[in-house]
Amino acid sequence: MKRASMARIGGCSLLALLAGCATGPSPLPGPAATGGASWREVVAPGTVRYQLAMGDVSSGGTPFKRVAPIYPASLLTACPPPQEVHALLIVGDKGEVREVRVADASQADASRRAFIAAVRTATLQWEFNPLTINHWAADGGGESHVVDSETKPFSLDYVFRFECHAGKAAVSTVATKS
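First, a word on scope: everything that follows refers to the structure included in this document.

Definitions and cut-offs
Residues numbered from 1 in each chain as written. Predicted model: local features only at pLDDT ≥ 70, side-chain atom pairs only at ≥ 80, totals over all residues. Heavy atoms only, no water. Patch = residues over 30% accessible without salt bridge, like charges linked within 9 Å, V, L, I, M, F, W, Y side chains within 5 Å. Areas by Shrake-Rupley, 256 points an atom, 1.4 Å probe, with all protein chains shown as cover. Salt bridge = Lys/Arg side-chain N within 4 Å of Asp/Glu carboxyl O. Helix = DSSP H or I, 4+ residues; strand = E, 2+ residues; numbered from the N terminus. Buried < 20%, exposed > 50% of the residue type's maximum accessible area, 1.4 Å probe, protein only. Contact = heavy atoms within 4.5 Å.

### Concerning a nonpolar patch on the surface
A grouping of V57, W136 and V146 is seen on the molecular surface, where their side chains present a nonpolar patch of about 250 Å² in accessible area. Position of W136 among the secondary structure elements: in strand β7 (residues 131–138). W136 sits in the partly exposed class, given a relative accessible area of 40%.

### Regarding the side chain of T132
Looking at the secondary structure, you find T132 in strand β7. Not counting the four nearest positions on each side in its chain, T132 is found in contact with V57, S58, S59, S149, E150 and T151.

### Examining the environment of V85
Mapped onto the fold, V85 is located in strand β4 (residues 83–91). When the C-alpha atoms of V85 and V119 are compared, they prove to be 7.7 Å apart, with 34 residues separating the residues in sequence. Beyond its immediate sequence surroundings of up to four residues, V85 is in contact with V102, R112, F115, I116, V119, Y158, V159, F160 and F162.

### Details of the pattern of salt bridges
It is possible for side chains bearing opposite charge to pair when their charged atoms get close. Under the counting rule described, the total for this entry stands at eight salt bridges. Salt-bridge contacts for D93 lead to R98; the nearest nitrogen and oxygen are separated by 3.7 Å. For D93, a relative accessible area of 26% corresponds to the partly exposed category. With a relative accessible area of 55%, R98 lands in the exposed category.

### A look at unusual backbone geometry
The general pattern is negative phi for most residues beyond glycine and trans for most peptide bonds. Positive phi, close to 45 degrees, is recorded for C79, a residue that is not glycine. Here C79 lies in the loop between β3 (63–65) and β4. For C79, a relative accessible area of 25% translates into the label partly exposed.

Here you go:
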């Protein structure tokens, strides 16, 4: 008897739940035009690096805060062909991005300037662990220890790629470190 009552209650609950789903479809808003970013670091041929002396060890120079560039909203409806922005990030000895250089910025048209501005706005907010060079030496007992340490500025060369597909934006980057 208890099983039959429980089955009836369960069946009624299921019917009530299904009845709630039977109401007409509610209109859904269209997808928002948004962008995303991803990146990976690569070393370009001819990259110049600091030359370390015997006993020197470098560390740092790694990002800990990156803000993704935002696809210019004013260009989403036009959906132009993919755009690439080559930018050199000058990183100070404390790990802050001090300057963003784009080689062709002065000749850029209005839409290209919007992509360059998006790159600058984002990358000026990036932060890196300082590039530190430790100088090690051995004492009379053969034990090694740091005798001197300094932080150095460095630069990163990025290629930001902006793409638009059916009004949806995508941003990606490829970086080289020097």
